[in-house]
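Examination of the molecular architecture
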Amino acid sequence: MGSLFRSEEMTLCQLFLQSEAAYACVSELGELGLVQFRDLNPDVNAFQRKFVNEVRRCDEMERKLRYLEKEIKKDGIPMLDTGESPEAPQPREMIDLEATFEKLENELREVNQNAEALKRNFLELTELKHILRKTQVFFDEQEGGLNTTTESMTRALITDEVRTGHSMGPVQLGFVAGVISREKLPAFERMLWRACRGNVFLRQAMIETPLEDPSNGDQVYKSVFIIFFQGDQLKTRVKKICEGFRATLYPCPEAPADRREMAMGVMTRIEDLNTVLGQTQDHRHRVLVAAAKNLKNWFVKVRKIKAIYHTLNLFNLDVTQKCLIAECWVPVLDIETIQLALRRGTERSGSSVPPILNRMQTFENPPTYNRTNKFTKAFQALIDAYGVATYREMNPAPYTIITFPFLFAVMFGDLGHGAIMALFGLWMIRKEKGLAAQKTDNEIWNIFFGGRYIIFLMGVFSMYTGLIYNDIFSKSLNIFGSHWEVHYNKSTVLENKYLQLNPETSDYSGTPYPFGMDPIWQVAGANKIIFQNAYKMKISIIFGVIHMIFGVTMSYHNHTYFKNRLSLIFEFIPQLIFLLFLFFYMVLLMFIKWNRYAATNSPPYSASCAPSILITFIDMVLFNTPKPPPTGCEVYMFGGQHFFQVVFVLIALACIPVMLLGKPLQIMKQRKNPNVQPITGSDAEVGMSNGQPAGQGGAAHHEEEEMSEIFIHQGIHTIEYVLGSVSHTASYLRLWALSLAHAQLAEVLWNMVLSIGLKQQGWFGGVMLTIVFAFWAILTVGILVLMEGLSAFLHTLRLHWVEFQSKFYQGQGYAFQPFSFDAIIENGGASGSTENE
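Procedures and definitions
- Residues numbered from 1 in each chain as written.
- Predicted model: local features only at pLDDT ≥ 70, side-chain atom pairs only at ≥ 80, totals over all residues.
- Heavy atoms only, no water.
- UniProt positions renumbered as here; feature names shortened; annotations may be inferred.
- Helix = DSSP H or I, 4+ residues; strand = E, 2+ residues; numbered from the N terminus.
- Rg over C-alpha atoms; globule rule 2.2 N^0.38 Å.
- Buried < 20%, exposed > 50% of the residue type's maximum accessible area, 1.4 Å probe, protein only.
- Contact = heavy atoms within 4.5 Å.
- Areas by Shrake-Rupley, 256 points an atom, 1.4 Å probe, with all protein chains shown as cover.
- Lys, Arg positive; Asp, Glu negative; His and termini not counted.
- Charge placed at Lys NZ, Arg CZ, Asp CG, Glu CD.
- Pairing = 2+ DSSP bridges.
- Patch = residues over 30% accessible without salt bridge, like charges linked within 9 Å, V, L, I, M, F, W, Y side chains within 5 Å.
- Salt bridge = Lys/Arg side-chain N within 4 Å of Asp/Glu carboxyl O.

Under an unreviewed UniProt entry, the protein has the name V-type proton ATPase subunit a and belongs to Stomoxys calcitrans. What UniProt records for the protein under Subcellular location (unreviewed entry) is the sentence "Membrane".

If you want it as structure tokens, here you go:
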């Protein structure tokens with residue numbers, strides 16, 4: 001079978017590369033993305049490997065690029081992203097890249113330091129300008145009334161002279177002026193009052209415009225203050241308090257002429273600084289714009305170089321120190337492509353020694369590699385989330401492409417809701433290139449976008465099942481008319497809240513509706529749910545049994561591919577017989593009941609004579625005799641039913657000891673008498689329970705389990721299958737339950753919300769309908785599409801993981817993680833792959 005239905009065939013290869021050609025060859029393999037290298041130096045410290053210095057150089061270059069990126073984002077400069085991936089540079093180009101990055105970093109740091117120094121000077125001059133303006137009122141002796149204020153301040157501060165009553169002569173008050181952060185001002189004022197015991201006079205005024213902090217660029221609100229005091233002791237104390245609160249003090253002359261002269265000088269210097277700052281910012285902007293054009297490509301180049309040297313650290317050196325030896329997993333179908341890439345790398349490096357790629361024999365299980373495209377990738381991710389497939393076992397993903405959206409649609413069957421979901425998925429598919437280029441970090445959006453094809457198919461299938469149910473926003477479509485002619489008069493329809501359809505009367509034409517359900521059932525409130533319940537419950541069991549039989553059939557392909565005749569005979573055959581003779585027989589009874597019994601038939605095949613399928617199945621398993629039916633009815637649906645049921649149950653029960661003891665007893669027989677021809681043809685198949693694939697050299701090299709462990713394992717497997725067949729069949733009833741819940745929620749939302757707007761009349765009715773429709777649309781999308789859709793999605797996922805895949809899927813493998821530049825760059829520069837032990 002092709003790789004679509006099972007994983008790629010893998011082989012372990014040994015690769016010999018000339019030292020000077022190793023870099024170019026690994027670069028070509030990274031572009032190809034089909035080789036998973038193994039670490040041949042697991043015990044060697046990362047700092048002791050051969051190319052550790054080159055990796056460190058790449059780390060340093062990445063640091064410089066991240067610094068440039070941070071500065072570019074700070075200035076809001078767009079970075080050019082062409083979407084192209086440049087080739088990995090040659091080792092000699094690393095020196096040029098390092099020199100370029102070093103020059104850019106030094107230049108940018110120097111510009112930033114100069115700009116910060118200039119901004120600091122600008123801040124100081126600006127604060128000084130505000131001080132000279134705000135404190136003018138305290139020093140301008142020409143203003144009226146200021147002398148009185150000064151004299152009162154003097155009297156208040158000279159407390160000793162006031163107490164002694166001596167005459168007051170002219171007193172010279174000292175002062176300091178400065179700027180402090182506005183939020184520190186109340187605490188600053190309290191501290192001055194307490195420390196100086198009220199012997200200082202503080203005046204302050206707010207600076208209306210915020211000032212820029214040169215260290216981090218934040219906008220800070222500050223206030224100007226001036227403190228009057230007397231004596232050197234208070235002066236020292238005031239300055240210490242200002243220093244503690246990180247207030248900046250500035251010189252402020254007393255003479256008005258000196259203040260005016262200083263103000264003029266400050267304004268001149270501010271203008272000069274503005275000019276220099278503008279030139280500095282222009283230069284910084286030019287440097288960053290030039291760097292932004294190449295930054296994405298530089299990141300790609302550096303990450304590729306780093307990934308190559310990280311991969312080369314996984315290799316071994318031969319004794320001559322001239323050849324590098326590597327071991328790698330490669331797909332068998334791609335060996336020629338890999339060899340061509342190695343030749344290209346050798347030619348590009350100029351080496352004359354061709355690389356050697358040898359296939360090796362190994363006892364290890366190869367990694368699992370399933371080729372995917374943008375359509376199948378999401379479905380494969382659903383399977384891998386349960387567990388990566390064991391090497392070369394059947395891959396459920398191709399079948400899940402159909403079964404997953406179909407089972408979802410059985411639970412979500414509504415033409416309107418399905419159309420909303422399908423249109424959303426179609427929009428993401430049509431815009432996928434632009435949406436993928438945005439590369440957002442929103443996890444919820446990434447999940448939706450990654451599953452866009454799943455969402456689209458779920459919507460399309462839901463539209464189909466919505467047509468089958470004839471359900472669109474809880475209403476029906478009258479496409480083909482109706483096959484009922486209900487003879488109700490007007491008063492009957494208006495006066496009765498619930499109407500009932502009776503197929504026994506002549507109201508029913510006797511011919512089925514061409515496609516889906518007849519729209520007349522929408523108005524049959526009395527027996528609509530009864531009719532739909534019986535229909536949906538039975539189709540849920542039918543789909544479930546067919547799905548499980550298909551899962552058991554898949555195990556046949558696993559056993560035949562691995563030539564495991566022991567499991568084929570003692571597991572697959574009894575499992576299939578058990579499922580067919582009990583549960584598939586129950587499905588056949590449903591079709592027989594639908595075909596034979598009708599409301600218009602006369603006994604013994606009238607609707608009143610139809611036996612219950614569930615009761616019939618229980619009586620069959622327990623060997624009970626059915627209760628006598630009403631007069632004129634027959635006990636069984638067809639002749640010989642009792643005989644067939646007894647035979648089916650006995651055969652199904654006989655399969656249980658075969659599943660339980662057949663395989664362990666055969667293994668015991670082979671171990672006691674090795675000369676007996678084994679039923680499996682080789683010892684390899686006996687070890688399949690340990691996940692050893694045949695034909696890979698490792699299947700025959702398994703450790704024999706103890707017989708007690710084999711019996712216990714087989715007993716658990718048998719009990720799980722027998723009991724699981726019952727519980728798994730019942731589990732598919734969630735298809736009926738969620739379908740019923742979805743239809744009832746849609747009907748409740750229509751009757752309790754939208755119908756309110758539809759019942760209004762006149763202009764008020766139009767306004768009311770607009771408001772109610774918006775509310776109804778929000779609830780429909782939020783509850784019925786998103787929440788109900790997520791619920792149905794999770795239930796569908798469970799049906800596939802547990803009920804379907806448990807029949808054949810082990811999921812005990814490990815994923816193939818090739819050395820790929822695309823994956824490394826997409827993951828943000830993670831280093832190359834290593835062996836998944």
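Quick look at the overall build of the protein now. Helix and strand counts for the protein come out as 25 helices and 11 strands. Against the compact-globule benchmark of 28 Å for 837 residues, the protein has a radius of gyration of 42 Å, which places it well outside the compact range. Taken over the C-alpha atoms alone, the protein extends approximately 135 × 100 × 50 Å along its principal axes. Across the 837 residues of the protein, 45% fall into the buried class. Taking the intrachain contacts of the protein between residues at least 6 apart in sequence as the baseline, contacts between residues at least 24 apart amount to 81%. Counting every atom, the protein has about 44100 Å² of accessible surface; 58% of that belongs to carbon and sulfur. Side chains of the protein give 78 positive and 83 negative charges; the mean places of these two sets differ by 3 Å.

Moving on: the pairing of strand β3 (residues 174–181). Of all eight residues making up β3, seven are buried, and the element is well covered by its neighbours. Inspection of the sheet shows β3 paired to strand β7 (residues 222–229) by eight bridges, in the antiparallel sense. Bridging from a neighbouring strand, V176 pairs with I227 of β7. Pairing geometry for β3 and strand β8 (residues 248–250), over three bridges, is antiparallel.

Now for the UniProt feature "transmembrane region" (unreviewed entry) in the protein. The feature "transmembrane region" (unreviewed entry), as annotated in UniProt, sits at residues 401–429, 449–469, 539–556, 568–592, 643–662 and 763–787 in this numbering. Secondary structure content for residues 539–556 is 100% helix and 0% strand, and the end C-alpha separation is 26 Å. Helix makes up 100% of residues 643–662 and strand makes up 0%, while its end C-alpha atoms are separated by 28 Å.

Right, let's get into a nonpolar patch on the surface. A surface patch of nonpolar side chains, about 730 Å² in accessible area, is lined by F424, W427, I444, F448, V781, I783, L786 and M787. Contributions of two or more residues to the nonpolar patch are made by α13 (415–430), α15 (443–450) and α24 (762–804). Tallying contributions element by element places α24 first for the nonpolar patch, with four residues. Along the chain, F424 turns up in helix α13.

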